[in-house]
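Fold and contact review
The primary structure of each chain is shown beneath.
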Amino acid sequence: MKVGILTGGGDCPGLNAVIRAVVRKGIFHHGDQFVGFMEGWRGVLEDITTPLDLNAIAGILPRGGTILRTSRTNPAKKDGGLDACIQTLKKHGLGALVAIGGDDTLGVAVKLSQKGANVVGVPKTIDNDLSGTDYCFGFDTAVNIATEAIDRVHTTAEAHNRVIVVEVMGRDSGWIAIYSGIAGGADVILIPERPFDVQEVAETLKRRHQRGRYFSIVVVAEGAKMATTPDAVTIAAGKDEFGHVRLGGIGNVLAREIETRTGFESRAVVLGHIQRGGSPTAFDRMLATRYGTGAIDAVHRGDFGKMVALRGTDIVTLPLSDATSRTRVVGQDLIDVALGLHDRAPAQSGVV
Ligand code: F6P
């Protein structure tokens, strides 16, 4: 069978490992040929392709980024965009398309499926907030990077008697913040799921310092909101083709507020795209490889309109729409783990 592959949305460590697994299993076990679409849905919309054979994928397993590059192009936003995509798939004589992406990319895959395209999805986002799957590849790498950063700022915060606020990614959910915050021993974790009161953050840190501690680490997800303001802090005006604002800056806002309200010298560190770059962890390479082999097997079962997912320890397939219908948020169980490590009531407060 001739199969197309694309990677869409924000990049994420493990994308190349998925591509490699799809192509190797497809060529060695199913006799497939592959076409790579460049830069996500833009490649399908504008018919920009690259040959994808064993040579093209040699050596890419440990590489970050994606050899197919990526974009946030939304064909549904262009006049006749979805039909143009269907035409491209027909022109190349493709029996199937493997779309590797998050809710935006897979949302387009749902629309193309409804128009008759044979699409199988692979869930991807370092934010780990896609419903339907227990883990997205790339998340583990991001958590490891953030945890190492928290370990590093710990020693400098301690040396200078400072509060250091570490801003991590997480648009609608605080998975990276809560995992790295717990793993790195943060004193306060702030997540989008729970709007927080700045004064309460300040009081929490004051109590800690009254107990004899002289430094603190706060981890905040970029999408965390103050209870008094309805919107998250943004770094630039405008929205992308899927309607997302560019988040960023809450760390600096918070560090200033903490310093003003407590008198403790404070600094902010924004990890940003460092969390998305570089080599995937062994866990993410494994997960990406299992997703890739699972996706090409799904193609040959004719399991279209589905995505591969991790449920417990098993790779399963489920409807693409399950991934895009809602955001998977941090549950109370993990919040209780974080709260259990500190002298705070598990109240309705936003300070985790
Ligand atoms: O959706 C994943 C994500 O990493 C978000 O956490 C972040 O807000 C966004 O992508 C940033 O993407 P970019 O700067 O590439 O547009």
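Residues numbered from 1 in each chain as written. Predicted model: local features only at pLDDT ≥ 70, side-chain atom pairs only at ≥ 80, totals over all residues. Heavy atoms only, no water.

Another point: the nonpolar core. Counting 61 residues, the largest nonpolar core has Ile 5, Ile 19, Ile 100, Val 122, Phe 137, Val 166 and Ile 217 as the members making the most contacts within it. Here this core spans two domains, and each of domain 1 (2–137 + 280–312) and domain 2 (139–276 + 331–339) adds at least three residues to it. Once you skip the residues sitting within four places of it in the chain, Ile 100 turns out to touch Ile 5, Leu 6, Thr 7, Gly 8, Leu 15, Val 18, Ile 19, Thr 105, Val 122, Lys 124 and Phe 137. By size, the runner-up hydrophobic cluster in this structure holds 27 residues, among which are Leu 6, Leu 82, Val 110 and Leu 320. (Core = buried A, V, L, I, M, F, W, Y, C linked by side-chain atoms within 4.5 Å. Buried < 20%, exposed > 50% of the residue type's maximum accessible area, 1.4 Å probe, protein only. Domains from an automatic or database assignment. Contact = heavy atoms within 4.5 Å.)

Turning our attention to helix H3 (residues 81–91). Three or more residues of H3 are buried, namely Gly 81, Leu 82, Cys 85, Ile 86, Thr 88 and Leu 89. Viewed along the axis of H3, the buried residues span an arc of 160°, placing them on a single side of the element. Exposed residues lying more than 90 degrees from the buried face of H3 are Lys 90 and Lys 91. In this structure, the buried residues of H3 make contact with strand S2 (33–37), helix H2 (41–45), strand S4 (96–101) and helix H4 (103–114). At the C-terminal side of H3, Gly 93 shows a positive phi close to 65°. (Helix = DSSP H or I, 4+ residues; strand = E, 2+ residues; numbered from the N terminus. Arc of directions from axis to C-beta.)

Before going further, it helps to examine the site of the ligand. All residues in the neighbourhood of the ligand are listed as Arg 72, Asp 127, Met 169, Gly 170, Arg 171, Glu 222, His 273 and Arg 276. Within the side chain of Glu 222, one N or O atom sits 2.7 Å away from an oxygen atom of the ligand. Across the complex, the protein chains shield 77% of the 400 Å² of accessible surface that the ligand would expose by itself. Of the residues in the shell around the ligand, the class split is one nonpolar, two polar and five charged. (Near = heavy atom within 4 Å. Polar contact = N/O pair within 3.5 Å; in protein donor to acceptor, adjacent residues only side chain to side chain. Areas by Shrake-Rupley, 256 points an atom, 1.4 Å probe, with all protein chains shown as cover. Nonpolar A, V, L, I, M, F, W, Y, C, P; charged D, E, K, R; others polar.)

We now examine the domain arrangement of the protein. By a widespread convention, an interface's size corresponds to the accessible area lost as its parts come together. Under the domain assignment used here, the protein contains domain 1 (2–137 + 280–312) and domain 2 (139–276 + 331–339). Taken over C-alpha atoms, the centre of domain 1 sits 32 Å from the centre of domain 2. The partner domain 2 presents 19 residues to the 22 residues of domain 1 that form the contact. In this assembly, domain 1 packs against domain 2 so that about 1800 Å² is buried in total across both faces, 50% of it on carbon and sulfur atoms. Of all residues in domain 1, Arg 72, Ile 126 and Asp 127 bury the most surface against domain 2, accounting for 33% of the area lost on that side. Connecting domain 1 to domain 2 are three salt bridges. Across the domain 1-domain 2 interface, the total number found is 13 residue pairs in polar contact (both at pLDDT 80 or more). When residues of the side of domain 1 that touches domain 2 are traced back to their parent elements, those giving at least two are H4 and helix H9 (282–301). Per-class residue counts for the side of domain 1 that touches domain 2 are nine nonpolar, five polar and eight charged. (Buried area = accessible area lost by both parts, 1.4 Å probe. Salt bridge = Lys/Arg side-chain N within 4 Å of Asp/Glu carboxyl O.)

Another point: the packing of H3 against H4. Angle between the axes and distance between the axes: these two values describe a pair of packed helices. Across the interface, H3 lies against H4 with an axial gap of 10 Å and an inter-helix angle of 75°. Comparing the axis directions of H3 and H4 gives the class roughly perpendicular. Counting all contacts with H3, which are made through Leu 82, Cys 85 and Ile 86, the residues of H4 involved are Val 108, Lys 111 and Leu 112. Residue composition of the contact of H3 with H4, by class: five nonpolar, no polar and one charged. (Axes fitted to C-alpha atoms, helices over the stretch in contact; angles between N-to-C directions. Parallel < 35°, antiparallel > 145°, perpendicular 65-115°, else oblique.)

Although it is not a glycine, Arg 69 sits at a positive phi angle of roughly 50°. Mapped onto the elements, Arg 69 comes out in the loop between strand S3 (49–51) and H3. One non-glycine residue, Asn 128, adopts positive backbone phi at about 60°.

You can see Gly 36 is positioned in strand S2. Using a relative accessible area of 0% as the deciding quantity, one classes Gly 36 as buried. For the pair Gly 36 and Val 165, spaced 129 residues apart in sequence, the C-alpha to C-alpha distance is 41 Å. Sequence-distant contacts of Gly 36, that is, excluding residues within four places in its chain, are made with Ile 5, Ile 48, Thr 49, Thr 50, Leu 52 and Leu 68.

Spatially, the four strands line up as an open sheet ordered S7-S8-S6-S11, and their pairing is parallel. The sheet is open, and its two edges are formed by strand S7 (188–190) and strand S11 (266–270), each paired on a single side. Across the sheet, the axes of successive neighbouring strands diverge by a mean angle of 15°, strand direction being ignored. Across six bridges, strand S6 (residues 163–168) lies against strand S8 (residues 216–221) in parallel orientation. Paired with Glu 167 across the two strands is Val 220, which belongs to S8. Packing of helix H5 (residues 139–160) onto the sheet brings it into contact with S6, S8 and S11, and relative to S6 it is tilted by some 165°. (Pairing = 2+ DSSP bridges.)

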